[in-house]
Amino acid sequence: MLNAIKLSKSYKSGKVLDAVSISLEPGKISGLLGRNGAGKTTLFKILCGLITPDDGAVQQDSKKAKPIGAVIEEPGLYTYLNAYENLKLFAQIQAAPADRTSLENYLTQVGLPLDRKDPVRNFSMGMKQRLGIAIALLNAPDILILDEPFSGLDPTGVASLIQLIKTLAQQNIAILVSSHLMAELQKSCDYLYVIDQGKIVNEGPTQTLLNALISVYTLTGTAIEKAQSLQPYVLHAETNTVTINCEHIPVSVVLRSTLEEGFEVHSCVPNISLEQLIIPLNA
Ligand SMILES: Nc1ncnc2c1ncn2[C@@H]1O[C@H](COP(=O)(O)OP(=O)(O)OP(=O)(O)O)[C@@H](O)[C@H]1O
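- For the protein chain, an unreviewed UniProt entry supplies the name ABC-2 type transport system ATP-binding protein and the organism Leeuwenhoekiella palythoae.
- Quoted verbatim from the Sequence similarities (unreviewed entry) heading of the UniProt record, the comment on the protein chain is "Belongs to the ABC transporter superfamily."

As structure tokens, this is what we get:
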């Protein structure tokens, strides 16, 4: 659907992208994870045709005139207009259908209330993101690119945006989302690319990538800190919570012995940081 092949870009300050290759597929959500300044926005701008790479190419097989919809950096909105008026204006600028039914469908699709008539300057960050996505969807793109869409959102806002992104993927849109936060991408993406200093340093199906790297888990359960079976692996323990490192043994085996000992595990949450993913698997 979209292939970026060996994209490189330098500014006077130095190389920002170094032979970056990614591919996006219909119905799949891909994540681009990297620290601030890693090159995410530059890559997105190249994918959208806003800047040209020094080297490499972007190929995509869409037949549409405007195959890519994007929200890069903050959604650019007219803050004195309301959501409907913003959408109508962008639809007219982009020569997309601007009739009331079509526009209201977009607002409903992204979960914005139709009865909200006040200017978007009053909107929460989450609502602005949703409106930005509605604008990006105006030309029914095959590919949707969202740059740091979770920044500035509270946990409820993050959860509902993840839901929206998943719903859009079910409509066969290929989606690329960037973030410097693991948790959001872990929850939303089928495939992850990790970028550092302009290079893709790690990539793979999200679960495969994480399973290969995760060895630290936080378990909760009543008096679980007393379980003898966990003692060889404990990094940190407090009442009803234990953090274990099971580098040399599958966590499922450890959990089975804990259950056999008579302790109930209420949750088992993997701990992984961006730093761990920046070290390539084959390093
Ligand atoms: N137009 C430009 N001219 C010169 N340097 C630039 C330009 N745009 C970006 N850079 C530099 O390129 C590097 C990568 O920037 P980029 O915005 O792509 O990173 P990012 O991963 O999106 O970071 P952030 O999350 O902070 O936006 C940074 O060092 C930045 O200062």
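### Here we look at the pairing of strand 12 (residues 241-245)
A regular strand places its side chains so that they alternate between the two faces of the sheet.
Next, step 1: Of the two faces of strand 12, the one holding V242 and I244 is buried and the one holding T241, T243 and N245 is not buried anywhere.
Next, step 2: Relative to strand 12, strand 10 (residues 216-220) runs antiparallel, the two being bridged by five bridges. The residue bridging T218 from the neighbouring strand is T243, located in strand 12.
Next, step 3: Sheet topology places strand 11 (residues 234-238) next to strand 12; four bridges connect them, and they run antiparallel.

### Looking at the site of the ligand
Next, step 1: Near the ligand the following residues occur: Y11, S13, V16, G34, N36, G37, A38, G39, K40, T41, T42 and H180.
Next, step 2: Element by element, the count of residues in the shell around the ligand is highest for helix 1 (residues 40-47), at three residues.
Next, step 3: Of the residues assigned to the shell around the ligand, the class counts are three nonpolar, eight polar and one charged.

Thresholds applied
- Residues numbered from 1 in each chain as written.
- Predicted model: local features only at pLDDT ≥ 70, side-chain atom pairs only at ≥ 80, totals over all residues.
- UniProt positions renumbered as here; feature names shortened; annotations may be inferred.
- Buried ≥ 20, exposed ≤ 12 C-beta atoms within 10 Å, placed from the backbone.
- Helix = DSSP H or I, 4+ residues; strand = E, 2+ residues; numbered from the N terminus.
- Pairing = 2+ DSSP bridges.
- Near = placed C-beta within 6 Å.
- Nonpolar A, V, L, I, M, F, W, Y, C, P; charged D, E, K, R; others polar.

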